[in-house]
Amino acid sequence: MKKNQASVARSSGVDIEIERNLRVFREKLQNLKLHHAGRYVLMHSEEIVGIYDTVRDAQTTGAAMFSDGIFSIQKVSSDPINLGYFSYALPVAAAQ
Amino acid sequence: MPCLWLQHNKSQIFLNVGIVDANTVVDLVGGNRPDIQNNMFTALLDTGAQVTAISKRAADKLGLRPIGKVPIQGVGGLSYHNNYLFQVAMVIPIGEQNAGKIELAVHIFHKPIEGVELNIAGDQFDVLLGMDIISNCSLAIEGNGTFSLSF
């Protein structure tokens, strides 16, 4: 497999992993908030592997545990991010 | 305190920033310096944005790997966007022009940013520089068309 093909395959694998882990994370979020609000959850194969105080700790641990880079990190929070103007601007295509 | 002194267009503030994969910056300890010149992007400075955002094309160019997803409040309610772990760098001219070259210094904000992927239309800018960076700086916007950003 050529290098760019391997990169695309890995990227796709990460995207799928993130989506699957996100679904499980959202199911567990209310319980996680009771004791771990503001911390970072490291996930792999739809399971929580560890919970860390900083995103850097979660990322470093994930990279060490999963050499293929297939893992995801979710912050224990349900607060949506506000991007100001960009939160409320419709893409041109969507507005038409 | 390093300071950038640039011009604004009286309606928006743009500046060039470097985006560096947070893993690369860790490698600085081993002497592996990121090539900032190839990592520079135009940023829109936006005090209304809680966090910094990056376009998908910039993330792809840098080979950034998403770490997860975060909820963004939008017109149609909540939507989940990819987020990335990176660090923001500023390039500051520090020396006199010498043989056509200006000596530059690179300032990398220490704290990694959990930047959001944003669908930025057009090619005017690739980074929305939000309050996670701006709140670590002193920003002065002058009526004469200039601004200064100290950090």
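Quick notes on the rules
- One numbering rule holds for all chains: residues counted from 1, following each sequence as written.
- Throughout, the order in which chains and ligands are written sets their labels, letters from A for the former and numbers from 1 for the latter.
- The predicted nature of this model means local features are confined to residues of pLDDT at least 70 and side-chain atom pairs, given and counted, to a pLDDT of 80 or more, with totals for whole chains, interfaces and linings taken over all residues.
- Numbering goes from the N terminus for both helices and strands, where a helix is a DSSP run of H or I of at least four residues and a strand is a run of E of at least two.
- The quantity called the radius of gyration is restricted to C-alpha atoms. Its globule counterpart is 2.2 Å times the number of residues to the power 0.38.
- Exposed residues have 12 or fewer other C-beta atoms within 10 Å of their own C-beta, buried residues have 20 or more, and residues in between are partly exposed; the C-beta atoms are placed from the backbone.
- Each residue is represented by a C-beta atom placed from its backbone, and any two residues with such atoms within 7 Å are regarded as in contact.
- Nonpolar cores are built from buried Ala, Val, Leu, Ile, Met, Phe, Trp, Tyr and Cys residues. These are joined into a set through C-beta atoms within 7 Å.
- Each residue receives one of three labels: charged for Asp, Glu, Lys and Arg, nonpolar for Ala, Val, Leu, Ile, Met, Phe, Trp, Tyr, Cys and Pro, and polar for the others, Gly being one of them.
- Values of pLDDT, the confidence the predictor places in each residue, fall between 0 and 100.
- For two strands to be treated as a pair, DSSP must find no fewer than two bridges joining them.
- The axes are straight lines fitted to the C-alpha atoms, using for helices just the contacting stretch, and the angles between their N-to-C directions are given from 0 to 180°.
- This arc corresponds to the set of directions leading from the helix axis out to the C-beta atoms.

**Examining the overall build of chain A**
Counting secondary structure elements, chain A contains four helices and three strands. Taken from the N to the C terminus, the helices and strands of chain A come in the order α-β-β-α-β-α-α.

**A few points about the overall build of chain B**
Looking only at helices and strands, chain B has three helices and eleven strands in total. When the helices and strands of chain B are read in sequence order from the N terminus, they spell out β-β-α-β-β-α-β-β-β-β-β-α-β-β. Scaling as 2.2 N^0.38, a compact globule of 151 residues should have a C-alpha radius of gyration of about 15 Å, and chain B matches this with 16 Å. Sorting the 151 residues of chain B into buried and exposed places 35% on the buried side. When contacts within chain B are restricted to residue pairs at least 6 apart in sequence, those whose partners lie at least 24 apart make up 69%.

**Let's talk about the nonpolar core**
Counting residues in each nonpolar core, the largest one holds 44 residues, and the members touching the most others are Val127 and Leu128 of chain B. The element best represented in this core is strand 6 (residues 77–98) of chain B, accounting for six residues. When neighbours within four sequence positions are excluded, Leu128 of chain B is seen to be in contact with Leu83 and Phe86 of chain A together with Leu44, Asp46, Ala49, Thr52, Ala53 and Leu118 of chain B.

**So, the interface of chain A and chain B**
The partner chain B presents 27 residues to the 22 residues of chain A that form the contact. Looking at the side of chain A that touches chain B, the elements with two or more residues in it are helix 1 (3–36), helix 2 (55–65), strand 3 (72–75) and helix 3 (85–88) of chain A. Tallying contributions element by element places helix 3 of chain A first for the side of chain A that touches chain B, with four residues. The residue makeup of the side of chain A that touches chain B, split by class, is 14 nonpolar, seven polar and one charged.

**Remarks on the confidence of the model for chain A**
If pLDDT is low for a region, its predicted coordinates should not be looked at in detail. Of all residues in chain A, 81% have pLDDT values of 70 or greater, and the mean over the chain is 87. Here residues 92–96 of chain A is modelled with pLDDT under 50, and outside its nearest four sequence neighbours on either side it reaches two contacts, counting other chains as well.

**Examining the sheet that holds strand 1 (residues 40–44) of chain A**
All names here are of chain A. Strand order in the open sheet formed by three strands is 2-1-3, and the pairing between neighbours is antiparallel. Sheet topology places strand 2 (47–52) and strand 3 at the edges, where each strand pairs with a single neighbour. Averaged over all pairs of adjacent strands, the angle between strand axes in this sheet comes to 30°, irrespective of strand direction. When strand 1 meets strand 2, the two strands line up antiparallel, connected through five bridges. Bridge pairing links Val41 to Ile51 in strand 2.

**Remarks on the sheet that holds strand 11 (residues 146–150) of chain B**
All names here are of chain B. Spatially, three strands are ordered 1-11-10 in an open sheet, and the strand pairing comes out antiparallel. On the outer flanks of this sheet lie strand 1 (3–7) and strand 10 (138–141), each paired with one strand and no other. Neighbour-to-neighbour, the strand axes of the sheet open up by a mean angle of 10°, direction not taken into account. Taken together, the five bridges between strand 1 and strand 11 define a ladder with antiparallel strand orientation. Note on strand 11: the bridge partner recorded for Leu6 is Phe147.

**A few points about unusual backbone geometry**
One non-glycine residue with positive phi stands out, namely Glu46 of chain A, at about 65°. Its identity as a non-glycine residue notwithstanding, Lys10 of chain B has a phi of 75°, on the positive side. The topology assignment puts Lys10 of chain B in the loop between strand 1 and strand 2 (14–21). Overall, the presence of 9 C-beta atoms within 10 Å leaves Lys10 of chain B in the exposed class.

**Topic: helix 2 of chain A**
What sets the pattern is the α-helix's 3.6 residues per turn: residues three or four places apart point alike. The complete set of buried residues in helix 2 of chain A reads Val55, Ala58, Gln59 and Gly62 of chain A. On an axial view of helix 2 of chain A, the arc spanned by its buried residues comes to 95°, and they lie on one face.

**A closer look at the environment of Gly50 of chain A**
Residue and element names in this part refer to chain A. Tracing the backbone shows Gly50 in strand 2. Linking Gly50 and Ser77, residues 27 residues apart in sequence, is a C-alpha distance of 16 Å. In this view, Gly50 contacts Leu42 and Thr61; residues no more than four positions away in its chain are not counted.

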